[in-house]
Amino acid sequence: ELGPYSHFMQKEIHEQPKALSDTIEAILDDGFSAELFGAAAANVLPTLSGVKILACGTSYYAGLTAKYWIESIAGVVCDVEIASEYRYRDAFADPQHLVVTISQSGETLDTMEALKYAKSLGHRHALSICNVRESAIPRASDLVFYTRAGAEIGVASTKAFTTQLVSLFALAVTLGKVRGRVTAEQEAQYLAELRHLPGSVQHALNLEPQITAWSAQFAAKNDALFLGRGLHYPIALEGALKLKEISYIHAEAYPAGELKHGPLALVDENMPVVVIAPNDALLEKVKSNMQEVRARGGELFVFADADSHFSDSDGVHVIRTPRHVGVLSPIVHSIPVQLLAYHVALTRGTDVDKPRNLAKSVTVE
Ligand code: F6R
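Residues numbered from 1 in each chain as written. Predicted model: local features only at pLDDT ≥ 70, side-chain atom pairs only at ≥ 80, totals over all residues. Heavy atoms only, no water.

- Under an unreviewed UniProt entry, the name given to the protein chain is Glutamine--fructose-6-phosphate aminotransferase [isomerizing], and the source organism is Vogesella indigofera.
- Turning to the protein chain, the UniProt annotation filed under Function (unreviewed entry) states: "Catalyzes the first step in hexosamine metabolism, converting fructose-6P into glucosamine-6P using glutamine as a nitrogen source."
- UniProt, in the comment section headed Subcellular location (unreviewed entry), describes the protein chain in these words: "Cytoplasm". (UniProt positions renumbered as here; feature names shortened; annotations may be inferred.)

Right under this line is the structure:
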């Protein structure tokens, strides 16, 4: 079943070009149409006035990324909340805000309960982004988009995450289109970017030997800090979660602009710092944050793209993806952080597919 791979996690990381192609197939065929999200979506999507995303763990980080896309591409207000927090607070509910749950398994209890609670507060419509057909959460939702990642067996979510991301991107563009904000020309541009995505992800997978070469340096440390800004901040969060979950190394993520408001105090030669730094509008800001780290002796491990114009220097190690892929860049940059966590865990000899204390589907509170 594992083929040439040592673990399900490694296999599932490498299945991402296929998982993404399968998930976007219908979009490439028919464009960004409301029907992708269910028969009722053509009536629902034009009328909503906001989006409320509810999820846990890695799926929550997919939601955080979606907020950037939904607000910038669709021009719709979007808030994202951890399901286990939302379900127990007196939340404000606008009936016209679409509830979007994100769940690989479709059975996560906190996400299910948050959905029921949102409905009880008066939210009229709920969209489930889910990888398992006919599971509890899509059954309780009037709109559904199934990611087509295939069965995910490793406890650490990988291909489910990137397929969630691409689905949420499709939601953002579709919302923008039905609201008259995305022009036909822009739609064609987004389709072209989607078409290139599986190839760009494959290029990122080809970086595995370079990433493996970094793993010993992380495996020897007790902590790691992940930095990103904008669309890439949630990818820093995801990188830190993957690392702690499977290698048991304490890791945190911060939006790089927050460094000087506290976490910079942690930085010294024992704190490797991973930076997600593709060539986007915030790159110059990220570069000055990197100097702040370097000045305190922190060693930098940078995931950049060919357009970021970085090179290795003392205490600065750089791995580059071949080209900048615009708004889909967080999907491509998920790959190196997954591979880093995987290879650090291998070096430490942990049980990669079944990390201690964790279950694949969290159906208890
Ligand atoms: C992390 C991980 C978990 C899940 C979370 C939600 O690698 O897998 O954080 O993302 O338990 O699970 P689903 O998406 O099934 O609701």
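1. Notes on helix H2 (residues 16–30)
Three or four residues apart is the spacing at which side chains of an α-helix point the same way, because the helix has 3.6 residues per turn.
Point 1. Between its terminal C-alpha atoms H2 stretches 22 Å, which fits the 21 Å expected from 15 residues at 1.5 Å a residue.
Point 2. Helix geometry: H2 is bent most strongly at Ile-24, by close to 45 degrees.
Point 3. Among the residues of H2, those classed as buried are Gln-16, Pro-17, Ala-19, Leu-20, Asp-22, Thr-23, Ile-24 and Ile-27.
Point 4. Backbone geometry just downstream of H2 places Gly-31 in the positive-phi region, at approximately 80 degrees. (Helix = DSSP H or I, 4+ residues; strand = E, 2+ residues; numbered from the N terminus. Expected span 1.5 Å × (residues − 1). Bend = angle between axes of the 7 residues up to and from the residue. Buried < 20%, exposed > 50% of the residue type's maximum accessible area, 1.4 Å probe, protein only.)

2. Considering the site of the ligand
Point 1. Taken together, 13 residues surround the ligand, and among them Ser-59, Ser-103, Gln-104, Thr-108 and Glu-245 come closest.
Point 2. Between an oxygen atom of the ligand and a main-chain N or O atom of Thr-58, the distance comes to 3.2 Å.
Point 3. Lys-242 is positioned with one of its side-chain polar atoms (N or O) 2.9 Å from an oxygen atom of the ligand.
Point 4. In the complex, 90% of the free accessible area of the ligand, which totals 410 Å², lies under the protein chains.
Point 5. The site holding the ligand turns out to be the largest pocket.
Point 6. Per-element tally for the shell around the ligand: the top contributor is helix H4 (residues 57–74), with 3 residues.
Point 7. Classifying every residue of the shell around the ligand gives 3 nonpolar, 8 polar and 2 charged. (Near = heavy atom within 4 Å. Polar contact = N/O pair within 3.5 Å; in protein donor to acceptor, adjacent residues only side chain to side chain. Areas by Shrake-Rupley, 256 points an atom, 1.4 Å probe, with all protein chains shown as cover. 1 Å grid on protein atoms, 1.4 Å probe; cavity = no way out; pocket = protein on both sides within 12 Å on 5 of 7 lines; lining within 4 Å. Sits in = over half its atoms within 2 Å of the grid points. Nonpolar A, V, L, I, M, F, W, Y, C, P; charged D, E, K, R; others polar.)

3. Regarding the layout of surface pockets
Point 1. Quantified by volume, the largest pocket comes out at close to 630 Å³.
Point 2. Lining of the largest pocket is provided by 23 residues; of these, Cys-56, Gly-57, Thr-58, Lys-360 and Val-362 occupy positions nearest its centre.
Point 3. Of all the secondary structure elements, the ones that give two or more residues to the lining of the largest pocket are H4, strand E3 (97–103), helix H6 (109–120) and helix H12 (233–247).
Point 4. Among the elements that take part in the lining of the largest pocket, H12 stands out by supplying 4 residues, more than any other.
Point 5. By residue class, the composition of the lining of the largest pocket is 8 nonpolar, 10 polar and 5 charged. (Points joined across faces, edges and corners; volume = space filled by probe spheres on them.)

4. With respect to the sheet that holds strand E9 (residues 300–305)
To summarise the sheet geometry, strands pair through backbone hydrogen bonds and adopt either a parallel or an antiparallel arrangement.
Point 1. Strand order in the open sheet formed by 5 strands is E7-E6-E8-E9-E10, with parallel pairing between adjacent strands. Among the strands making up the open sheet, the edge pair consists of strand E7 (250–255) and strand E10 (316–321). Each strand axis lies, on average, 20 degrees off the axis of its neighbour in the sheet, ignoring direction.
Point 2. Relative to E9, strand E8 (residues 273–277) runs parallel, the two sharing 5 bridges. Looking at the pairing, Val-275 lines up with Val-302 of E9.
Point 3. Strand contacts of helix H13 (residues 283–295): strand E6 (223–228), E8, E9 and E10, with the helix running at about 165 degrees to E8, the strand carrying the most contacts. (Pairing = 2+ DSSP bridges. Axes fitted to C-alpha atoms, helices over the stretch in contact; angles between N-to-C directions. Contact = heavy atoms within 4.5 Å.)

5. What to know about the sheet that holds E3
Point 1. With parallel pairing, 5 strands are arranged side by side in an open sheet as E2-E1-E3-E4-E5. Because the sheet does not close on itself, it has two edges, and the strands there are strand E2 (77–82) and strand E5 (143–146). Each strand axis lies, on average, 20 degrees off the axis of its neighbour in the sheet, ignoring direction.
Point 2. With 5 bridges joining them, E3 and strand E4 (residues 126–130) adopt parallel strand pairing. Within E4, the position partnered with Val-99 by the bridge is Ala-126.
Point 3. Running at roughly 170 degrees to E2, H4 makes contact with strand E1 (50–55), E2 and E3 of the sheet.
Point 4. Across the sheet, H6 touches E1, E3 and E4, and the angle it forms with E3 is around 170 degrees.

6. A short note on unusual backbone geometry
Point 1. Non-glycine residue Glu-134 carries a positive phi angle of around 60 degrees.
Point 2. Its location among the elements puts Glu-134 in the loop between E4 and helix H7 (136–139).

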